[in-house]
Each structure stands twice: as C-alpha cells, then as structure tokens.
Amino acid sequence: MNKLIPIFILLISVTFSFAQAGRDEALANSYFQEGEYEKAVELYQSLWEKNDYAPKFYSPLFKCFVNLKQYEALEKAVRKQQKKFPTNAQYAVDLGYALNLSGQAAKGKEQFDKLIKSLPQNEVFIKELGAAFETYKEFDFAIQVYEKGGKLFNNSVPFGFLLANAYAMKGDYDNAAKEYINFYELQPAQSQNVKNQLMRSTSEKLLGAVEVQLYAKLQRNSGDELSLIHISEPTR
C-alpha cells in the first residue's frame, strides 16, 4: 500500500499542473481579447517556454510584443522560435519583419534577400514562403519567390496562379492580368479557378487589364484563342 503513495502523489501533481496550465491559457486569451497585452504577454511567454516553444503560444506572444512595441523582446522570441523550427518559412520571414519594426531595415532586407537567395527546390516551402511574405504585404518579395520557384523547377505552372495573385494584391494589374492569362493557357483545366478569382476581385482595373490583354491576343492570334474571352466573364 505504501508503495502506491508516491505514484498517487505524482498523479495529483501532474493533474494540478495541467489544470493550472489550462487556467493560465484561458486567462491569457481573455486578456488578449480585451487588449490587455501587458498582462497577456507574461502568461503567454511562460506558457510558450514551458511548452517547448509551442506554435499555439508563439503566435499570440508575437502579436503581444508587436502591440506593446517591445521589439527587442520580439526579435529574441522569433530567433528562439526559428532555432527550434529551422525549416519553418513563416518564422524566417517573421525575423525580417521584427528587424524592420525595430528600425533595422537594412538587416530586415538582408534576411529577406537571404531567404530568396537560398530558396530550395521544394514546392511546399516555396509556396509557404511566398504566403509568409504576403502576410506582411511584402508582395515584391513574394513575387521574387514565385518567379525563382518557376526557374528552379523549369516550370512556372506550380506557381503561376500564386504569382498572378501576388501581382494583383500589389496593385500591379497589368502584370497580374498577364500572369492569369499565361496560367490559363498553360493550365486550361484550371480555368474555373481563374474565373472565380477574377469574379471575387473588386478591382475594375484588374478586370479591365484582363479584357484589354485578351482582345490584344485575339487580334494577334487565330480563333483558337477565342475561349480565353470567357475567363473574364461571370460564371453562370
């Protein structure tokens, strides 16, 4: 019987620890939602460190540091997170963003340039990196990622639609239109995706650029290109 007592005590201790962590997380979330970042940041940092830099705590901790303008602490946290997850594209871009916020724009750009220079021939990583740049409206860098990805694979198709979207988000509607049409020509089976994206667009400039470029193509080419006209028409 006495031999069971240490096990019983251990179980109670573990149960209490889990319960306390759950309460701290709920309290941190409550503070965060109410905009009380100074109270939330302490709890999130403790939870993050105790849970082996778990992403679920890193994300709100990151946002707390940004809202509190604690950029030195932000950079340290991002570096730790990136060291723990070295292949994560989002954390690599987070570091450049943190450097930019802290007034180290040259180092931030250096970080972004390094990511593009060392871009691996990995389709998933390339798409994740492009999306990470888009998170911070770094559309020029996202465009570079997708363009280099196409060169690495000697095939622009896997990134063509994303490249067109990045140009559209940047507001470069002429290049966006060109890339949507190129993607359509290379992947006619994906025409519905192009149609849907254009129909979701609220930019008359984008739709106008598509229309102008389609008619220019029709004038240069044979009737085989007539089907292109439908990508700028609403789906019925």
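Scope of this entry: the structure provided in the associated data block. (Residues numbered from 1 in each chain as written. Predicted model: local features only at pLDDT ≥ 70, side-chain atom pairs only at ≥ 80, totals over all residues. Heavy atoms only, no water.)

Phi is positive for Lys69, close to 60°, though the residue is something other than glycine. When you line up the elements, Lys69 lands in the loop between helix H3 (55–68) and helix H4 (71–84). For Lys137, which is not glycine, the phi torsion reads 60° and is therefore positive. Relative to the helices and strands, Lys137 resides in the loop between helix H7 (123–135) and helix H8 (139–153). (Helix = DSSP H or I, 4+ residues; strand = E, 2+ residues; numbered from the N terminus.)

For the rest of this paragraph, the subject is the packing of aromatic side chains. Applying the stated rule across the entire model yields 14 aromatic pairs. Both rings, one in Tyr58 and one in Phe62, keep their centres 5.8 Å apart while their planes meet at 55°; by these two values the pair is tilted. Here the residue Tyr58 and the residue Phe62 both occupy positions in helix H3, the gap between them amounting to four residues, near one helical turn. For the pair Tyr58 and Phe62, a shared accessibility class is recorded, and that class is buried. Three or more aromatic residues link up through ring pairs in this structure, and these residues are Tyr58, Phe62, Phe85, Tyr91, Tyr97 and Tyr136. (Phe/Tyr/Trp six-rings, centres within 6.5 Å; stacked < 30°, edge-to-face > 60°. Buried < 20%, exposed > 50% of the residue type's maximum accessible area, 1.4 Å probe, protein only.)

One can describe the packing of H8 onto helix H9 (residues 157–170) by two numbers: an axis separation of 9 Å at closest approach and a directional angle of 160°. As summarised for this structure, H8 and H9 are arranged roughly antiparallel, according to the angle between their axes. When you trace H8 past H9, the crossing you get is left-handed. Contacts between H8 and H9 involve Phe139, Asp140, Ile143, Tyr146, Glu147, Gly149, Gly150 and Phe153 from the first element and Phe159, Leu162, Leu163, Ala166, Tyr167, Met169 and Lys170 from the second. (Axes fitted to C-alpha atoms, helices over the stretch in contact; angles between N-to-C directions. Parallel < 35°, antiparallel > 145°, perpendicular 65-115°, else oblique. Left-handed = near helix turned anticlockwise from the far one by under 90°. Contact = heavy atoms within 4.5 Å.)

In this section: the pattern of salt bridges. By the definition in use, this model includes nine salt bridges. Between Glu72 and Lys76 there is a salt bridge whose closest N-O contact spans 3.7 Å. You can see Glu72 and its partner Lys76 sitting in helix H4, four residues apart, about one turn around the helix. Here Glu72 and Lys76 have matching classes, each one exposed. (Salt bridge = Lys/Arg side-chain N within 4 Å of Asp/Glu carboxyl O.)

A word on helix H11 (residues 191–200). Working note: α-helix, 3.6 residues per turn, so residues spaced by three or four point in the same direction. Inspection of H11 places Ser191, Val194, Lys195 and Leu198 among the buried residues, and these make up the whole buried set. Projected down its long axis, H11 carries its buried residues within an arc of 100°, all on one side. Here the buried face of H11 lies against H9, helix H10 (173–186) and helix H12 (204–220). (Arc of directions from axis to C-beta.)

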